[in-house]
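Structural characterization, general
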Amino acid sequence: MALIRNLDAEDIGFIASRVANRLRYEAEQNPLINPLFDADAFESALFGAREGTWVCDEGSLTGHIYGAVLQGASEQSGVWIGPDGVSFDSPSDLKELYEVASTEWKSRGAHEVFVWVLNTESSLQPWRDLGFETVHEHGVMKLDALRSRPLANEYVVRLGGPQDLSTALALDDLLEQYQGGDVEASRASREEDLIETIEDPDTSYFIVENDGDPVAHCVSFPLPPRRSSHDETAHLSDVVVLENHRRRGIATALIDEALNHAHQEGARFAEVNWRSTNVQAKAFWLDYGFTSTYVRLQAKLS
Ligand SMILES: CC(C)(COP(=O)(O)OP(=O)(O)OC[C@H]1O[C@@H](n2cnc3c(N)ncnc32)[C@H](O)[C@@H]1OP(=O)(O)O)[C@@H](O)C(=O)NCCC(=O)NCCS
């Protein structure tokens, strides 16, 4: 039986090398994953998180786990395990680490745990064995063969801005409704997020109109550097087309426009997340040319 204990300062360099090796392995599985790893930044973050990090010690270290306990929109606390927050040699190492860590997270009031995992059967299985289920998928695309497919004549696409907040909110309500959220309860926080997004000079907001009426929108912004993403990556979000305008190529033309714009501003890759239950979004992104790299898994802490 392995000893599960808190991380010591002396362990940090070794854990950083495990994380770097894992990332290299993931990038070999999928070239859309960036293998470059800033070990110094990771080591100083890990030093600050020693108390919330456990290692599996079998004479040598065979795994580690760190989860950030954060309050979610529903006022309930959840635990977020980043892509560099876990490593393990065998599923039994993960199981022992998770048992100790989840007991601590529960005692701190957390109700659920989220983790990003490489989208391969062998990577997902150890988590499924612990009761985790897929909630989101992460898609990446290289921007090397961009297209500009036209909209039907009655539609135009344009860059929006802060003056378009009411349009953005109305379309965001639809997306929330479509995704099964509580539109009224979440409106204030979504409005706050949207204002921040649209007013951010780094963010590009695109609207498709039909005779002056908004029928679709999306947001694109450059991602800050982060593990597993290539530098110069644009993140797409908030993509929605009004129901009675779907399957006419509107989202395709809108994303063409957003990606051409992002490419002109220096992006070489684009990323997007979709809910795993959102069958049409998944079909759309895969058809567009995105590849699923990671999935976000969730488990309840009972
Ligand atoms: C996903 C969504 C944005 C697609 O918009 P759209 O304008 O209908 O997409 P397009 O017409 O450009 O579709 C392009 C291709 O994507 C795929 N696709 C789009 N919708 C699909 C669906 N419902 N089922 C299966 N494939 C679909 C098809 O391959 C389609 O090509 P085809 O129509 O020639 O078969 C739209 O359905 C929508 O707003 N959904 C609700 C909000 C949402 O889920 N947003 C995404 C969040 S990540």
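Notes on the structure follow. (Residues numbered from 1 in each chain as written. Predicted model: local features only at pLDDT ≥ 70, side-chain atom pairs only at ≥ 80, totals over all residues. Heavy atoms only, no water.)

**A word on the environment of His230**
- Among the secondary structure elements, His230 is positioned in the loop between strand 11 (213-222) and strand 12 (233-241).
- The class for His230 is buried, based on a relative accessible area of 15%.
- Sequence separation between His230 and Glu192 is 38 residues, and the spatial gap between their C-alpha atoms is 29 Å.
- Ignoring sequence-local partners within four residues, the contact set of His230 consists of Pro31, Leu32, Ile33, Asn34, Arg268 and Phe269.
- A distance of 3.3 Å separates a polar side-chain atom of His230 from the backbone oxygen of Leu32. (Helix = DSSP H or I, 4+ residues; strand = E, 2+ residues; numbered from the N terminus. Buried < 20%, exposed > 50% of the residue type's maximum accessible area, 1.4 Å probe, protein only. Contact = heavy atoms within 4.5 Å. Polar contact = N/O pair within 3.5 Å; in protein donor to acceptor, adjacent residues only side chain to side chain.)

**Looking at helix 6 (residues 183-199)**
- For helix 6, built from 17 residues, the straight-helix expectation of 24 Å at 1.5 Å per residue is met to within 8% by its first-to-last C-alpha distance of 22 Å.
- In the structure, helix 6 departs most strongly from a straight axis at Ser189, where the bend amounts to approximately 35 degrees.
- Val183, Ser186, Arg190, Leu194 and Ile198 are the residues of helix 6 that are buried.
- In this structure, the buried side of helix 6 is in contact with helix 5 (165-178) and strand 10 (204-210). (Expected span 1.5 Å × (residues − 1). Bend = angle between axes of the 7 residues up to and from the residue.)

**Things to note about the site of the ligand**
- Around the ligand there are 22 residues in total, and Val239, Val241, Arg247, Thr252 and Asn278 lie nearest to it.
- The separation between an oxygen atom of the ligand and a polar side-chain atom of Arg246 is 3.4 Å.
- In this structure, an oxygen atom belonging to the ligand sits 3.4 Å away from a side-chain N or O atom of Asp287.
- Bound to the protein, the ligand loses 79% of the 900 Å² it would expose on its own.
- Elements that contribute at least two residues to the shell around the ligand include exactly helix 5, strand 12, helix 7 (250-264), strand 13 (269-275) and helix 8 (279-288).
- The greatest single-element share of the shell around the ligand, amounting to 6 residues, is contributed by helix 8. (Near = heavy atom within 4 Å. Areas by Shrake-Rupley, 256 points an atom, 1.4 Å probe, with all protein chains shown as cover.)

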